[in-house]
Structure formats: structure tokens, C-alpha cells
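# Breakdown of the fold
For reference, the chains in residue letters:
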Amino acid sequence: MALSVADIKLYLRIDNDVEDAMLQRLLAQADAYLAGAVDDFALRCKTESFDKQADIVRAAIVAEMYNNRDCQEEKHQAFPYFIRSAIAQLQYSADSVSAEGSGGA
């Protein structure tokens, strides 16, 4: 289950509708980023446990982009370590599921 704008607003503690369109775009960007960073991301999201993990990473990515939307400094171009680590864990999870599903080691 991909996160909704309402989920993100709750996560970010936003209680108005002014930025709903931007939050929707940020959610789409977070999904696109994860799809590029994790092999077979859309397929893996069909597994409930993987999708729940991915939702946390989606929310963290959206929060990072939302909170730093005005920053133009170079130091804000990379995601923080905890997001990069969570993405690596999703990739590792995807790799281990692939190995199990293919009869590999």
C-alpha cells in the first residue's frame, strides 16, 4: 500500500490542504527514486512486509525533500545516512527474496 497524501500529512504534522499538490508530487518522486534504487521495486511492493518497510522509507524521503525544499546548498544534495541505509536494506531484502524464490543459495 503506497502512502497517501493524508498519511504524509499526518507524518509531517501538516493540518491544512495548501500543499497537497506538492506532497503528491513528492510522493511520486519518492516512489520513482525507490524504483530506480531497488531492483524489482514494484514487484517487491506486492509483498506486504516489504511494502510496509518501503512506506517508512517513502515517508522519510518525502519528509527530507519537504523539509529541505528551500535549501540550495550542496550539503543538502545527498539523503541522510539513515535514508541511504534504509534503501540499502530494501535492496538487500529484495536480493534475499530473489535468491529464495529462484532456488539459489
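Here, every reference points to the structure presented above.
Residues numbered from 1 in each chain as written. Predicted model: local features only at pLDDT ≥ 70, side-chain atom pairs only at ≥ 80, totals over all residues. Heavy atoms only, no water.

### A few points about the overall build of the chain
Our working definition: Note on conventions: DSSP H or I runs of at least 4 residues are helices, E runs of at least 2 residues are strands, and numbering of each starts at the N terminus. Only protein chains enter the accessibility calculation, which uses a 1.4 Å probe. A residue is then buried if its area is under 20% of the maximum for its type, exposed if over 50%, and partly exposed in between. Accessible areas in this description were obtained via Shrake-Rupley with a 1.4 Å probe; residue shielding takes into account the shown protein chains only.
Scanning the chain from N- to C-terminus turns up five helices and zero strands. In the chain, the order of α-helices and β-strands from amino to carboxyl end is α-α-α-α-α. Each of the 105 residues in the chain was classed as buried or not, and the buried ones make up 33%. For the chain, the computed accessible surface area is about 6,900 Å², with 52% contributed by carbon and sulfur atoms.

### Quick word on the pattern of salt bridges
How we decide: What makes a salt bridge here is a side-chain nitrogen of Lys or Arg within 4 Å of a carboxyl oxygen of Asp or Glu, nothing more.
Considering all chains together, one arrives at seven salt bridges under this definition. Across the pair lysine 9 and aspartate 17 runs a salt bridge, and its minimum N-O distance is 2.5 Å. Judged by its relative accessible area of 56%, aspartate 17 falls in the exposed class. Where aspartate 51 meets arginine 58, a salt bridge forms, and the shortest distance between an N and an O atom there is 3.3 Å.

### Quick look at the nonpolar core
For the record, the criterion: To define a nonpolar core, start from buried Ala, Val, Leu, Ile, Met, Phe, Trp, Tyr and Cys residues and group those joined through side-chain atoms within 4.5 Å. For this analysis, residues touch if any pair of their heavy atoms sits within 4.5 Å.
Judged by nonpolar contacts, the single largest core of 26 residues is most densely connected at Ile8, Leu12, Leu23, Ile61 and Val62. Residue assignment for this core shows that the elements contributing at least two residues are helix H1 (5-12), helix H2 (20-37), helix H4 (48-67) and helix H5 (81-101). The contact partners of leucine 12, leaving out residues within four places of it in the chain, are Leu23, Val62, Ala63 and Tyr66.

### Digging into the packing of H1 against H4
Spelled out, the test is: Axis lines are fitted to C-alpha atoms, over the contacting stretch for helices. Their N-to-C directions set the angle, which ranges from 0 to 180 degrees. Reported orientations rely on four angle classes, namely roughly parallel under 35 degrees, roughly antiparallel over 145, roughly perpendicular from 65 to 115, and oblique for the rest. It is the rotation of the near helix from the far one that decides the hand of a crossing: anticlockwise by less than a right angle makes it left-handed, clockwise makes it right-handed. As a working rule, the residues Ala, Val, Leu, Ile, Met, Phe, Trp, Tyr, Cys and Pro are called nonpolar, Asp, Glu, Lys and Arg charged, and the rest polar, with Gly in that last group.
Between H1 and H4, whose axes approach to 10 Å, the crossing angle comes to 65 degrees. The angle between the axes of H1 and H4 places the two elements in the roughly perpendicular class. The interaxial crossing formed by H1 with H4 has right-handed handedness. From H1, Ile8, Tyr11 and Leu12 reach across to H4, where they touch Ala59, Ala60, Val62, Ala63 and Tyr66. Here the contact of H1 with H4 is built from residues that sort into eight nonpolar, no polar and no charged.

### Section: unusual backbone geometry
Backbone geometry follows two general trends: most residues other than glycine have a negative phi, and most peptide bonds adopt the trans configuration. Here the phi dihedral of arginine 13 falls at roughly 60 degrees; this positive angle occurs in a residue that is not glycine. Secondary-structure assignment places arginine 13 in the loop between H1 and H2. The phi angle at aspartate 40 is positive, at roughly 50 degrees, despite the residue not being glycine. For aspartate 40, the position within the fold is in the loop between H2 and helix H3 (41-44).

### So, the packing of aromatic side chains
Note on aromatic pairs: each is described by the distance of the centres and the angle between the planes. What counts is decided by this rule: Stacked, edge-to-face and tilted are the three classes for Phe, Tyr and Trp ring pairs, Trp counted by its six-membered ring, which pair at centre distances within 6.5 Å; planes under 30 degrees apart are stacked, over 60 edge-to-face, the rest tilted. The criterion for a charge sitting over a ring is simple: Lys NZ or Arg CZ within 6 Å of the ring centre, and within 35 degrees of the ring normal.
Evaluation of the coordinates by the stated rule reveals two aromatic pairs. Aromatic side chains tyrosine 33 and phenylalanine 79 sit 5.0 Å apart centroid to centroid with 85 degrees between the ring planes, which places their arrangement in the edge-to-face category. Of this pair, tyrosine 33 sits in helix H2 while phenylalanine 79 sits in the loop between H4 and H5, and the two are 46 residues apart along the sequence. Relative accessible area serves as the criterion here: at 37%, tyrosine 33 is assigned to the partly exposed category. Since its relative accessible area comes to 15%, phenylalanine 79 is described here as buried. Judged by centre distance (6.0 Å) and plane angle (65 degrees), the ring pair of phenylalanine 41 and phenylalanine 50 falls under edge-to-face. Its relative accessible area of 6% is what places phenylalanine 41 among the buried residues. In this structure, arginine 69 is placed above the aromatic ring of tyrosine 66, and the distance from its NZ or CZ to the ring centre is 4.0 Å.

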